[in-house]
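In case you want the letters, here they are:
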Amino acid sequence: MNAIPVEGRCDARFRAVRDAFERNFIEHRELGAAVCVIVDGDPVVDLAGGWRDEARSHPWAPDTLVNVFSVGKGLASACALLLVDRGVIALDEPLARAWAEMAGEGRDAITLRHVLSHRAGLPAIREPLAPDAMLDWHTMTAALARTVPWWPPGSAHGYHVNTFGFLVGEVVRRAAGCSVGTFLRDEIARPFGADVHVGLPRSEHARVADFVWPRPSTVDGTGPATAPAVPAVALSNEMALLAYSNPAGVSGAGFVNTPEWRAAELPSTNGHATAAGVASAYAGLPRLLSAGILGEATTEHSAGDDLVLGRPSRFGLGFQLPQPERPLGPNAATFGHFGAGGALGFLDPVAGVAFGYVTNEMGPRWQNPRNRGLIDAVFASL
């Protein structure tokens, strides 16, 4: 383990977390990562290790940023929920009242509650889009406002893999008069000192770790054992395939390490953060949101068979909730959001634990041993 560069602080009580973090590099082929744990407002673990690049020439630093994929959904959701808390928007008001282009073709009934609980029926855009279309906000939101829902809004749920951020973000933009990335920066990141971004300023690009995108295995099966870019279920499900791949680069393939991707605002997919930034944002939520709104957001709204994922999923309003197959510690009140590759942010309000983990290599999407080992070590240390 000594050959792996690991730096940062770890209280003696949480030595098991450092051990689990270091084991990830040996047993689970971690390339670069960071983990942060805040307990009752006190940072007890803040570790960075490994490398920012595949060549292993640049060690991961405490301020290294990395693409955290769907962890950004929780951050975007917090922006929308703050506006609900302030009375600027309402959970059950049709989107079309403020977003006139949403009217018609079955979209009239869609509310912010439907969007946040993945029940809006818009997990994918039907019309073919150019491979770089996701880099243009208007192109994506206009296409969504032309899409006929895949199911009657509210009647079922399916993970809005990439459309979620554009739907939530456009509601925020119209209500707040600024982009969701700007709102996140001004209302959450700065007040809580959280190093989280949607739409990364070019001045910050130099501290971003490269994300190693999955490569297909060789024909004889000897290639790297990486996760597929598109889940297997999508290959036999048109809706799911389009959710992950229309436009072709919307999930990050071919774009994730480019300046254009980092600078654009794709709240579902291209949030950039440090582990400490993610943990700090979650630690601040009880101060940001009223108990009523936070309670509503963490109450189960969707559960069971997911029409996009092809397996059970469970959501509150914008946050993933614990499932037996993928727990977030021992307490049922915990909420957060995973990101592709294993990145994760959550808050356990019972134990007072805020957690952030970021990584630059795609691990298993569903049950990831890297983040699971860290979670288990945190709660074993309490």
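Our structure's up above, just so we're on the same page.
Residues numbered from 1 in each chain as written. Predicted model: local features only at pLDDT ≥ 70, side-chain atom pairs only at ≥ 80, totals over all residues. Heavy atoms only, no water.

Undergrad: Please clarify how the sheet that holds strand β1 (residues 6–10) should be interpreted in this entry.
TA: Sheet strands line up and pair through hydrogen bonds in the backbone, either parallel or antiparallel. With respect to topology, six strands assemble into an open sheet ordered β1-β3-β2-β11-β10-β9, the strand pairing being antiparallel. Whereas interior strands pair on both sides, the edge strands pair on one side only; in this sheet they are β1 and β9 (335–338). Recorded for the sheet is a direction-independent mean angle of 5 degrees between the axes of neighbouring strands. Where β9 lies against strand β10 (residues 344–348), four bridges are found, and the strand directions are antiparallel. (Pairing = 2+ DSSP bridges. Helix = DSSP H or I, 4+ residues; strand = E, 2+ residues; numbered from the N terminus. Axes fitted to C-alpha atoms, helices over the stretch in contact; angles between N-to-C directions.)

Undergrad: How do you make sense of the pattern of salt bridges when you look at a structure like this?
TA: If charged atoms from side chains of opposite charge come close, those side chains can pair. Applying the stated criterion across every chain, the model contains 20 salt bridges. Residues Glu204 and Arg207 are paired through a salt bridge, measuring 2.7 Å at the closest nitrogen-oxygen approach. Two residues, Asp210 and Arg262, come together in a salt bridge whose shortest N-O distance is 3.5 Å. Here Asp210, found in the loop between β5 (196–197) and α7 (238–245), pairs with Arg262, found in helix α8 (residues 259–263); they are 52 residues apart in sequence, far enough to count as distant. Using a relative accessible area of 8% as the deciding quantity, one classes Arg262 as buried. Several salt bridges share partner residues, and in doing so they unite Glu101, Glu170, Arg173 and Arg174 into one network. (Salt bridge = Lys/Arg side-chain N within 4 Å of Asp/Glu carboxyl O. Buried < 20%, exposed > 50% of the residue type's maximum accessible area, 1.4 Å probe, protein only.)

Undergrad: Looking at this model, I keep getting lost on helix α5 (residues 163–176). Mind explaining?
TA: Under the 1.5 Å per step criterion, the end-to-end length of α5 is 20 Å for 14 residues, consistent within 8% with the ideal 20 Å. Here α5 lies mainly inside the structure; 10 of its 14 residues are buried. Taken residue by residue, α5 has Thr163, Phe164, Gly165, Phe166, Leu167, Val168, Gly169, Glu170, Val171 and Val172 as its buried positions. Phi turns positive, to about 80 degrees, at Gly177, one or two residues after α5. (Expected span 1.5 Å × (residues − 1).)

Undergrad: What am I meant to see in the packing of aromatic side chains here?
TA: Aromatic ring pairs are defined here through the distance separating the ring centres and the angle between the ring planes. Per the counting criterion, the structure on display carries 11 aromatic pairs. One aromatic cluster in this structure is built from Phe69, Phe211 and Trp213. The ring of Trp150 is capped by Arg126, whose NZ or CZ atom sits 3.8 Å from the centre of that ring. Sitting above the plane of the Phe338 ring, Arg326 keeps its charged end 3.8 Å from the centroid. (Phe/Tyr/Trp six-rings, centres within 6.5 Å; stacked < 30°, edge-to-face > 60°. Lys NZ or Arg CZ within 6 Å of the ring centre and 35° of its normal.)

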